[in-house]
Each structure stands twice: as structure tokens, then as C-alpha cells.
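Coordinate inspection notes
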Amino acid sequence: MIATTDLEVRAGARLLMSGVSIRICNADRVGLVGRNGAGKTTLMRILAAETAPEAGTVVRSGSIGYLPQDPRTGNLDQSARERILDARGLRDVIRRLRRAEEAMASQDLDARDDAMRRYDRAEAEFVALDGYAAEAQAASVAAGLGITERNLGQPLRTLSGGQRRRVELARILFSEAGTLLLDEPTNHLDADSIVWLRSYLASHKGGLVVISHDVGLLDTVVNKVFHLDANRCVIDVYNVGWSTYLTQRETDEKRRHRERSNAEKQAAALQTQ
């Protein structure tokens, strides 16, 4: 869960938004929308604790998985599979298993016995972490995002920028974080992977905030919309799905236009008097 109270967000001297009090709870799948430059990515970084607001407070509970537009990829010498599995702390256990396996081939009986004991301890920890099922799940998520078995075995440095971004998205989905913050998650995905991601996010049980230009994803996934109005520097909250939001937003814009027009007429009349 993430909740904000009276946030004020600026880009230098320019006010992006003020008085922002929002809440993202379990089962809230939020589409964060607004025109380019309105401050969507800046707000997402604040929610993820990557940066601080000018004023106001943010309260977070539970784990958070954050995918920025330009994600960090960690140690480029590790494999894509290790990077994904590391989201649940499995990478180090697997490395200990592999080192113990190599040492068990030693001709030294004492070294072999020591390696067998280390292997048993590592395997017990791996089982306790539900490692065998986790490896299968990680492979399934990776396949859904178009990451091949060959890619999973490659060091990150050998992958393209688009492939690394897929690995980071897979890592975040595999992490089972309570709240997902995804900034343009469909970037570098092909059509099949986008369809898979829509289905995956639509069934996500925790909280979700997504910035996306993929209307199909928004229509399939979100059940709430936060519209960042750059002219008014506020966020309008719509507790409805995407299609209903579009209708309500149009109605609200027409109402505000009428109110502005009436206010201007009244001001003109007073000035004439």
C-alpha cells in the first residue's frame, strides 16, 4: 500500500502538482495518465522512494517493485537467469550449489566430503525457499516476455538494451512485490509479449500503478485512473475502468469549460459596470 498526503511536486521552479493525496491499495490497478511533461514519471519516482517531493508525505507498506523507463541492470557479468532469480534471494544459494558440485569432483576425499556437506546445506536452503518451483516460475515469466532459454544463460553484458529491459521487467514481476510501479512496461516488447503482459497484470492481486501509451493495456488492466491535469496542477481520481474514465473525463472537461466561460462573462459584466 502507498498513500500520499498533500504532495507538492516541482521541476526546478515549475510547479507540476500540489495537494496530491492519493492511495494505492491491494487490488487497485491504477493507470497514471496525463500529457507528456505533466510529471507522471516524476510522481512515479516519488512513489518508489527514488526521489523526494517538495512538500507532503508518502507512507509505504509492503514490498515495492519499480520499473523505471531506463532501468538499472546490476552486475553485467551475471546471467539473465541469475538476475531474475536474485529478486527472491535465490542467486547466492544457486551459486553455492554450483560451487559445491564442482568441488565434489575433487580427487581429495576430505575436500569431496566437505563439498557434499556444503551441497546438502545449500540444497536444504534452496528447498526452503521453494527454489525448484521458483526456477520454473521465473522461466515461465521470462518466456512470456519473449526471453529465450538461450538469453537466460547469457551474461547481461551480451544482451541488447531492449533484452535487458525485458529481464528487468521479468525480475520485477517474479519478485512478487506487493505493489508494482511500472513506467512504460511495453517498451521493447513484441505483440505476443504485450498480450501476455496484459493478462498477467489483469490478474495481479496486489497494487499496481502503470504509465503506458498502450491503450489496449489500460483498457484490459486498470480499474482506477489518476489523471494528472497539467493546467490545474492537480490529480483527478476516477474509480472506474478505462472506457468509463474516457466518458467521465469528457463530461468533466465540458463542465469546466462552461464554468470558465460563465466566470469570464461575469467578470466582463462586472468590469463593464
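Here goes a summary of the coordinates provided.

Conventions we followed
- All residue numbers refer to positions counted from 1 along the written sequence of the respective chain.
- Restriction of local features to residues with pLDDT of at least 70 applies here, the model being predicted, together with a cutoff of 80 or more for giving and counting side-chain atom pairs; totals for whole chains, interfaces and linings are based on all residues.
- Only hydrogens and water are removed before side-chain values are computed, so all heavy atoms of the structure are retained for them.
- DSSP bridges decide pairing: two strands pair if at least two such bridges lie between them.
- Only DSSP runs of H or I reaching four residues or more are called helices, and only runs of E reaching two or more are called strands; each is numbered from the N terminus.
- An axis is simply a line fitted to the C-alpha atoms; with a helix, the fit covers only the stretch in contact. Between two such axes, the angle follows the N-to-C directions and lies from 0 to 180 degrees.
- Contact definition: two residues touch when any of their heavy atoms are within 4.5 Å.
- Two rings from Phe, Tyr or Trp (for Trp, the six-membered ring) form a pair when their centres are within 6.5 Å of each other. A pair whose planes differ by under 30 degrees is stacked, one over 60 is edge-to-face, and the rest are tilted.
- The buried label goes to any residue with under 20% of its type's maximum accessible area, the exposed label to any with over 50%, and the partly exposed label to all in between, with areas taken from a 1.4 Å probe on protein chains only.
- Only protein atoms enter the 1 Å grid used here, on which a cavity is any set of points holding a 1.4 Å probe that cannot leave and a pocket is any open set flanked by protein within 12 Å on both sides along at least five of seven lines; residues with an atom within 4 Å of a point are listed as lining.
- Grid points are joined across faces, edges and corners, and a volume is the space filled by probe spheres set on the points.
- Gly is put with the polar residues, along with every residue not named as nonpolar or charged; the nonpolar set is Ala, Val, Leu, Ile, Met, Phe, Trp, Tyr, Cys and Pro, and the charged set is Asp, Glu, Lys and Arg.
- Pairing of N or O atoms within 3.5 Å defines a polar contact, subject to two protein rules: one partner must be a possible hydrogen donor and the other a possible acceptor, and residues neighboring in sequence count only if both atoms are side-chain atoms.
- The nonpolar core is taken to be a set of buried Ala, Val, Leu, Ile, Met, Phe, Trp, Tyr and Cys residues, with the residues joined through side-chain atoms within 4.5 Å.

The next subject is the sheet that holds strand β8 (residues 207-211). Strand order in the open sheet formed by 6 strands is β6-β7-β8-β4-β9-β10, and the pairing between neighbours is mixed. The two strands at the open ends of the sheet, each matched to only one other strand, are β6 (64-67) and β10 (234-238). Ignoring strand direction, the axes of neighbouring strands in this sheet form an average angle of 15 degrees. Across 3 bridges, the pairing between strand β4 (residues 29-33) and β8 is parallel. If you follow Val30 over to β8, its bridge partner there is Val209. Strands in contact with helix α7 (residues 161-174) are β6 and β7 (179-183); relative to β6, the strand with the most contacts, it is inclined by about 165 degrees.

This next bit is on the packing of aromatic side chains. Between two aromatic rings, the relevant description is the distance of the centres plus the angle of the planes. By the definition in use, this model includes 4 aromatic pairs. Judged by centre distance (5.1 Å) and plane angle (75 degrees), the rings of Tyr238 and Tyr245 are edge-to-face. Judged by its relative accessible area of 4%, Tyr238 falls in the buried class. Joined through ring pairs, the aromatic side chains of Tyr238, Trp242 and Tyr245 make up one cluster.

Taken as a whole, the largest pocket encloses approximately 250 Å³ of empty space. Of all the secondary-structure elements, those providing two or more residues to the lining of the largest pocket are β6 and α7. For the lining of the largest pocket, a count of residues per class yields 8 nonpolar, 2 polar and 5 charged.

What follows deals with the pairing of strand β2 (residues 14-20). Two faces make up the sheet, and in a regular strand the side chains alternate between them. Here 4 bridges tie strand β1 (residues 2-11) to β2, and the two strands are oriented antiparallel to one another. What sits directly across from Leu7, in β2, is Val20.

Assignment of secondary structure puts His204 in the loop between α8 (191-202) and β8. A polar contact is formed between the side chain of His204 and the backbone nitrogen of Gly206, at a distance of 3.4 Å. Polar side-chain contacts of His204 include one of 3.2 Å to the backbone oxygen of Gly207. Apart from the residues within four sequence positions on either side, His204 is in contact with Arg29, Ala177, Gly178 and Leu180.

Judged by nonpolar contacts, the single largest core of 46 residues is most densely connected at Ile84, Leu169, Leu173, Leu180, Leu182 and Leu201. Sort the elements by how many residues they give to this core and α7 lands first, with 6 residues. Discounting residues that sit within four places of it in the chain, Leu182 has contacts with Met44, Leu67, Leu169, Ile172, Leu201, Leu208, Val209, Val210 and Ile211. One finds Ile22, Ile46, Leu181 and Leu228 within the second-largest nonpolar core, a separate group that totals 24 residues.

Bringing unusual backbone geometry into the picture now. With a phi angle near 60 degrees, Glu176 is a residue other than glycine that sits in the positive phi range. Relative to the assigned elements, Glu176 resides in the loop between α7 and β7. Take Glu176: its relative accessible area is 54%, and that puts it in the exposed class. The phi angle at Glu184 is positive, at roughly 55 degrees, despite the residue not being glycine. Under the relative-accessibility criterion, Glu184 is labelled buried at 7%.

Moving on, we come to the environment of Glu54. Secondary-structure assignment places Glu54 in the loop between α1 (40-47) and β5 (55-60). When its relative accessible area of 54% is taken as the criterion, Glu54 is described as exposed. Residues Glu54 and Leu7, 47 residues apart in the sequence, show an inter-C-alpha distance of 7.4 Å.

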